[in-house]
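# A structural walkthrough
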Amino acid sequence: MPQDVKEIFGSALASKVRTLGPSMTRSMQRVAEAVAKDPAGCAALTVTGLAELTGTSEATVVRTARLLGYPGYRDLRLALAGLAAQQQSGRSPAITTDIAVDDSLADVVAKLAYDEQQTLADTAAGLDTVQLGAAVAATASARRIDVYGVGASGLVAQDLTQKLLRIGLIAQAHSDPHLAVTNAVQLRSGDVAIAITHSGATGDVIEPLRVAFEHGATTVAITGRPGGAVAQYADHVLTTSTARESELRPAAMSSRTSQLLVVDCLFVGVAQRTYETAAPALAASYEALAHRHRR
């Protein structure tokens, strides 16, 4: 893994552990929680030492390292050492991101900016580029693309479809569950269906994805819970981060931030792959709207 990716992952380790925790075995969770809680202490341990500390096995430690995005324990240990050095140097002071009712607007801005920066770093670190590449390839060649999302995820679905339309692809967003299922029935091999659900358990999104899956469409899930119900009907799963909620910063805010990053990555990948047709389509859309911006 490139050094810059390691640094991003290191700064987001605790959130990464929270995101992947539900998909880990209990023994793997103990390893992950140990390295997130004490990176300096764990960096000093051999694979045998960490296994003994967490009451697990060397194989479990290695599997945990790989799930966290590293080829092996040695790579994770190096990253932990770097994170420990960074924390000791004071270059990245901790910020409590819980927003209080009496916080000044300056504090609100600082806390939200920090939290969203961490959310983006978490998502970038955890995004499987193999899965992303497969989703890009399917979307770029699709006859038709349907995107499902409700609530805040519905806004992200609309954002994706608008982007795809501007590069000449046939795409539509569905927030009405009845219309979503009705349209999903028409999909077939060569089409793509994308479900966006932070929880991975939104029935109104899972149902049309299931129908699309059963009719032969390539299916993609963008979710914060890769082990959630939506994944069983997804050919490709793109994982978003799970940030800590607070009273004034509900899940819909953090999930939207990470979902938009994944959507942008998907869109740019598709635009790159279809550049010969995408570039003229973008130019034509800019030209068609230019007069509205001159008023």
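Residues numbered from 1 in each chain as written. Predicted model: local features only at pLDDT ≥ 70, side-chain atom pairs only at ≥ 80, totals over all residues. Heavy atoms only, no water.

## Regarding empty space enclosed by the protein
Put simply, the rule is: Cavity: a set of points on a 1 Å grid over the protein atoms alone where a 1.4 Å probe fits but cannot get out. Pocket: an open set with protein on both sides within 12 Å along at least five of seven lines, its lining residues, like those of a cavity, having an atom within 4 Å of a point. Grid points are joined across faces, edges and corners, and a volume is the space filled by probe spheres set on the points. The helix count covers DSSP runs of H or I at least four residues long, the strand count covers runs of E at least two residues long, and both are numbered beginning at the N terminus. The classification used treats Ala, Val, Leu, Ile, Met, Phe, Trp, Tyr, Cys and Pro as nonpolar, Asp, Glu, Lys and Arg as charged, and all other residues, Gly among them, as polar.
For the structure on display, the rule yields one cavity of 30 Å³ or more. Empty space within the largest cavity amounts to approximately 50 Å³. Broken down by secondary-structure element, the contributors of at least two residues to the lining of the largest cavity are α2 (13-20) and α8 (105-126). Here the element with the most residues in the lining of the largest cavity is α8; it accounts for three residues. Grouping the constituent residues of the lining of the largest cavity by class yields no nonpolar, six polar and two charged.

## A few points about the pattern of salt bridges
Quick note on the threshold: Definition used for salt bridges: Asp or Glu carboxyl oxygen within 4 Å of a side-chain nitrogen of Lys or Arg. Each residue is assigned to one of three classes by its accessible area relative to the maximum for its type, calculated with a 1.4 Å probe on protein chains only: buried under 20%, partly exposed between the two thresholds, exposed over 50%.
Across all of its chains, the model carries seven salt bridges by this definition. Here lysine 163 makes a salt bridge to aspartate 264, at a shortest N to O gap of 3.4 Å. Of the two residues, lysine 163 sits in helix α10 (residues 152-166) while aspartate 264 sits in helix α13 (residues 251-273), which places them 101 residues apart along the sequence. Look at aspartate 264 and you get partly exposed, because its relative accessible area is 32%. Residue glutamate 207 is joined to arginine 210 by a salt bridge in which the shortest nitrogen-to-oxygen separation is 2.5 Å. Taken together, the positions of glutamate 207 and arginine 210, both in helix α12 (residues 203-214) and three residues apart, correspond to about one turn of that helix. Note on glutamate 207: relative accessible area 34%, which makes it partly exposed. Salt bridges sharing partners connect three or more residues here, namely Asp159, Lys163 and Asp264.

## Some details on the packing of aromatic side chains
Counted only if it meets this: Between 30 and 60 degrees the pair is tilted, below 30 it is stacked and above 60 it is edge-to-face, where a pair is any two Phe, Tyr or Trp rings, Trp via its six-membered ring, whose centres lie within 6.5 Å. Placement of a charge over a ring requires the Lys NZ or Arg CZ to be within 6 Å of the ring centre, with the centre-to-atom vector within 35 degrees of the ring normal.
What the rule picks out here adds up to one aromatic pair. Their ring planes at 65 degrees and their centres at 6.2 Å tell us that phenylalanine 213 and tyrosine 233 sit as a pair that is edge-to-face. Placement of the pair is phenylalanine 213 in helix α12 and tyrosine 233 in the loop between β4 (218-223) and β5 (236-239), with a sequence separation of 20 residues. Residue tyrosine 233 is classed as buried on the basis of its relative accessible area of 18%. Its end group placed over the ring of tyrosine 286, arginine 166 keeps NZ or CZ at 4.7 Å from the ring centre.

## Side note on the pairing of strand β1 (residues 145-148)
Put simply, the rule is: Following DSSP output, two strands are said to pair if at least two bridges run between them.
The side-chain alternation of β1 yields two buried faces, one formed by Ile145 and Val147 and the other by Asp146 and Tyr148. Inspection of the sheet shows β1 paired to strand β2 (residues 171-174) by four bridges, in the parallel sense. Looking across to β2, one finds that aspartate 146 is bridged to glutamine 172. Strand direction decides the pairing type here: β1 and strand β3 (residues 192-197), joined by four bridges, are parallel. Within β3, the position partnered with tyrosine 148 by the bridge is alanine 195.

## Looking at the packing of helix α3 (residues 26-37) against helix α6 (residues 58-67)
What counts is decided by this rule: In this description, a line fitted to the C-alpha atoms serves as the axis of each element, helices being fitted only across the stretch in contact, and the angle between N-to-C directions of two axes falls anywhere from 0 to 180 degrees. Just so you know how the angles are binned, under 35 degrees is roughly parallel, over 145 roughly antiparallel, 65 to 115 roughly perpendicular, and the rest oblique. Here is the rule for handedness: rotate from the far helix to the near one, and if that takes an anticlockwise turn smaller than a right angle the crossing is left-handed, while a clockwise turn gives right-handed. Residues are treated as being in contact if the distance between any of their heavy atoms lies within 4.5 Å.
The contact between α3 and α6 brings their axes to 9 Å, and the two run at 70 degrees. Compared by their axis directions, α3 and α6 come out roughly perpendicular. Crossing geometry of α3 relative to α6 is assigned as right-handed. Across from Ser27, Met28, Val31 and Ala32 in α3, the residues of α6 making contact are Thr60, Val61, Arg63, Thr64 and Leu67.

## A word on the sheet that holds β2
Across the sheet, five strands lie side by side as β2-β1-β3-β4-β5; this open sheet has parallel pairing. The outermost strands of the open sheet, each flanked by one partner alone, are β2 and β5. Ignoring strand direction, the axes of neighbouring strands in this sheet form an average angle of 15 degrees. In this fold helix α9 (residues 129-140) packs onto β1, β3, β4 and β5, with an angle of close to 120 degrees to the strand it touches most, β5. Its contacts with the sheet place α12 against β1, β3 and β4, and it is angled at close to 160 degrees to β3.

## Let's talk about α8
Note the threshold: By this rule, a helix spans an expected 1.5 Å times one less than how many residues it contains.
When the terminal C-alpha atoms of α8 are compared, their 31 Å separation across 22 residues agrees well with the 32 Å that a helix rising 1.5 Å per residue should span. Here α8 has its buried residues at Val108, Lys111, Asp115, Gln118, Thr119, Ala121, Asp122, Thr123 and Ala125.

Structural measurements only, silent on function.
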